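Notes for the structure review
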Amino acid sequence: FPSHDRPDVVWVSLGSQLVNASQIMILSRFAGLNVAATFAIGTKAFSMFQQFTGRIIDASLPILTEMFVQGDLDKLKHRFIHVVSITAFLATLGAAILLAGNTAIVSFWTSGSIFWSTPYDALLAALLLSNSSSRCLISVFGSMLGYRPVRHIYFLEGCVFIALGIPATRFFGIAGILGASLICHLLITLRLSFKEVNKVLKFSRGLIRPLVSAAVIVGGTAFFSLGLAKTSPLFNPIFLNVGSVCAAIVSAWFCIFSRSLRQGLWGKILPLVTRLGPSR
């Protein structure tokens, strides 16, 4: 980074540490070490999906930056919307898998010694989508415009999160810390980063459809999973959970992706499937 951008990078890094590193510290101090250990284990799959969805924007930044330097803003806007759409699709898939299987995986992994529930997974699913979306928006500034317009966002979220997370943890435990993190991220990081991107690059109109569609699909899957958790003795939860993941994938394919993006992706997927299929 140029020397004049380094203070902005420091602010972004400091704010990110306040948000991410303070969760375990707050839980261990105000809810106990056992709760903090439960949180660390229950969020392993969430962390994995978060890293996976972040690879999309990381791999796309060099090409997007080249378009920005060349002044091809129309093509940049088109490609960036596609990147956000693909990220939202993968985040929706990850959220559906979390809702369908994370509680069962944690129970199997720990032989039932750790309690984890579907409401926690619902909060993690919403966090996965919101974190993945805001990372795309903020990464644009880091590679093209510098972090100055957004340097304060993570730090502001971290300060508000600590103030809100401590009482929330005291009263609600893990649900409180996850709820506080989701509220702060939606109202501060996602809202302000979306506003700054719209102000500088005028991307907001094209981003509304994929983000809103992903939010609706994740919300519907969460409500289904929460209802299934209450009535699971009456039904076969395995088949219903698999069905909910498949329904989320199909809905995300048609609702998040534009027609041109679906055609482009299918044109790349079909030859790959044909090549990997059994040869005659």
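Notes on the structure follow. From a predicted model like this one, the values you see are computed outputs, not experimental measurements.

**Comments concerning helix α3 (residues 44-69)**
- In this model α3 runs 38 Å from its N-terminal to its C-terminal C-alpha over 26 residues, within 8% of the 38 Å that 1.5 Å per residue would give.
- At leucine 61, α3 is bent by approximately 45°, the largest bend along its length, and proline proline 62 sits one to four residues beyond.
- Buried residues of α3: Phe46, Phe49, Thr53, Gly54, Ile57, Ser60, Leu61, Leu64, Thr65 and Met67, and no others.
- Positive phi shows up at glycine 71, right after α3, with a value of about 80°.

**Digging into helix α4 (residues 73-109)**
- Its axis deflected by about 50° at glycine 101, α4 carries its strongest bend there.
- Serine 111 occupies a position one or two residues after α4 and carries a positive phi of about 55°.

**What to know about the packing of aromatic side chains**
- On inspection of all chains with the given rule, the structure shows five aromatic pairs.
- Ring plane angle 80° and centroid distance 6.4 Å describe the contact between phenylalanine 115 and tyrosine 120, whose orientation is recorded as edge-to-face.
- What links up through ring pairs into an aromatic cluster is the set Phe89, Trp253 and Phe257.
- Its guanidinium or amino end placed over the ring of phenylalanine 30, arginine 29 lies 5.2 Å from that ring's centre, counting from NZ or CZ.

**Some points on the state of the cysteines**
- With the rule as written, the count across this model stands at zero disulfides.
- Free of any disulfide, cysteine 159 has its nearest neighbouring cysteine sulfur in cysteine 184, separated by 10 Å.
- Given the relative accessible area of 36%, cysteine 159 is considered partly exposed.
- Residue classification places cysteine 184 among the buried positions, given a relative accessible area of 3%.

**Structural notes on the nonpolar core**
- Within the largest apolar cluster, 44 residues are counted, with the highest numbers of intra-cluster contacts made by Ile177, Leu178, Ile256 and Phe257.
- The contacts of isoleucine 256, once residues within four sequence positions are left out, are Ser85, Ala88, Phe89, Thr92, Arg209, Pro210, Ser213, Ala214, Ile217 and Ser251.
- In terms of nonpolar packing, the next biggest core, distinct from the first, is built from 28 residues, Met67, Phe80, Ile81 and Val197 among them.

**Structural notes on the environment of alanine 247**
- The topology assignment puts alanine 247 in helix α9 (residues 237-255).
- Owing to a relative accessible area of 40%, alanine 247 belongs among the partly exposed residues under this scheme.
- In this structure, the C-alpha to C-alpha distance between alanine 247 and threonine 221, residues 26 residues apart in sequence, is 8.7 Å.

Rules of the game
- Residues numbered from 1 in each chain as written.
- Predicted model: local features only at pLDDT ≥ 70, side-chain atom pairs only at ≥ 80, totals over all residues.
- Heavy atoms only, no water.
- Helix = DSSP H or I, 4+ residues; strand = E, 2+ residues; numbered from the N terminus.
- Expected span 1.5 Å × (residues − 1).
- Bend = angle between axes of the 7 residues up to and from the residue.
- Buried < 20%, exposed > 50% of the residue type's maximum accessible area, 1.4 Å probe, protein only.
- Phe/Tyr/Trp six-rings, centres within 6.5 Å; stacked < 30°, edge-to-face > 60°.
- Lys NZ or Arg CZ within 6 Å of the ring centre and 35° of its normal.
- Disulfide = S-S within 2.5 Å.
- Core = buried A, V, L, I, M, F, W, Y, C linked by side-chain atoms within 4.5 Å.
- Contact = heavy atoms within 4.5 Å.

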